[in-house]
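# Architecture at a glance
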Amino acid sequence: MTRRVVLLLLAAFLLIGTAGQAQAAGYRYWSYWDRDGGAWVYATQGPSLVRPSDGDVQGFRFAVSEDSGDAARPRGTADFASICAKTPAEDGSKRVALVLDFGTASDAPSGERPPAPRTACAQVSPDATTADALAAVAGPLRYDTNALLCAIAGYPKSGCGEQVSQKQDPRTTAAPEKDESADEGGPSVGLVAGIAVIAALAAAGAWQARRRRNATR
C-alpha cells in the first residue's frame, strides 16, 4: 500500500472520529417559554417584545441546547393560581406568573452553582412586557448588545449564549421530547460514509499491491 493510500486512510479515520463531534455542540443560554394550558411552548419573540395578559404564565430555563427544538423546558407544574395565590388582583395592574429554572449543575458555567428553581408573581402595569415583569421580581437582569437575555437574578455572572461542547448531554432532567427514531436501529450517516471510504481505499490499496506483484514477476 502506497504512502498516499495510508494517508487517505488516516484521514478517513479522523473523519469518522469527528463526525459525531460536529453534532455535539450547543449553546448555554436562557430560553423563554409561554405556558399554554399544561404545556410549555417555546416563545417566538423575546421577552422585551411580548406583553402578557393578566393570568399568563411565562417560563425561563437556563441550559445548554443545540437549538429551539432541542431546548430544555422549565421544570415544575405550578400554575397561575398557585404562583399568584398571595398576590391579590388590583385595579390598574395585571399579574404575571413567572417560573424561573436556573438549570442543573452540569448546565452551569465553570465555577458557578445554579440557584434553586423558583416561581414569582409580578404585579405590573397593564402595558408591561414580560421583561418588565421579570425585572420587577428577578433582578438584576443582564443583556448583551443585541438585547439577548444573559442573566436572571444575576445568574450566571458572565457569559452569554456561548458555544460549549456536549460530549456528555448536560440536560439531565426535563428535556423536551425529541423524535430519535431516525437514530435507532443503525449507525450514523457519517459512520457509514466513513466506512465506505475506508473500504474503497483499502480495495484500491490491495489492487495496487497486486499490480506491483504482477509487474515484478
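Here's a quick rundown of the structure. Computed from a predicted structure; not experimentally measured. (Residues numbered from 1 in each chain as written. Predicted model: local features only at pLDDT ≥ 70, side-chain atom pairs only at ≥ 80, totals over all residues. Heavy atoms only, no water.)

### A look at the state of the cysteines
Within the structure shown, the criterion is met by 2 disulfides. Paired through a disulfide, Cys-84 and Cys-121 show a sulfur-sulfur distance of 2.1 Å. Taking the sign of the S-S torsion, about 100 degrees here, the bridge from Cys-84 to Cys-121 comes out right-handed. Separated by 37 residues along the polypeptide, Cys-84 in the loop between α2 (80-83) and β4 (94-101) and Cys-121 in strand β5 (residues 118-124) bring together distant segments of the chain. Judged by its relative accessible area of 2%, Cys-84 falls in the buried class. Judged by relative accessible area, Cys-121 falls into the buried class, the value being 15%. Paired through a disulfide, Cys-150 and Cys-160 show a sulfur-sulfur distance of 1.9 Å. (Disulfide = S-S within 2.5 Å. Helix = DSSP H or I, 4+ residues; strand = E, 2+ residues; numbered from the N terminus. Buried < 20%, exposed > 50% of the residue type's maximum accessible area, 1.4 Å probe, protein only.)

### Some words on empty space enclosed by the protein
Counted according to the given criterion, the structure contains 1 cavity of 30 Å³ or more. Put simply, the largest cavity is a space of about 40 Å³. Considering the residues around the largest cavity, the lining is formed by Arg-28, Tyr-29, Trp-30, Phe-62, Leu-149, Cys-150, Pro-156, Ser-158, Gly-159, Cys-160, Gly-161 and Glu-162. Going through the elements one at a time, β1 (25-36) and β7 (149-151) are the ones with two or more residues in the lining of the largest cavity. No other element matches the 3 residues that β1 contributes to the lining of the largest cavity. Partitioning the lining of the largest cavity into residue classes produces 7 nonpolar, 3 polar and 2 charged. (1 Å grid on protein atoms, 1.4 Å probe; cavity = no way out; pocket = protein on both sides within 12 Å on 5 of 7 lines; lining within 4 Å. Points joined across faces, edges and corners; volume = space filled by probe spheres on them. Nonpolar A, V, L, I, M, F, W, Y, C, P; charged D, E, K, R; others polar.)

Geometric values such as these leave the question of function open.
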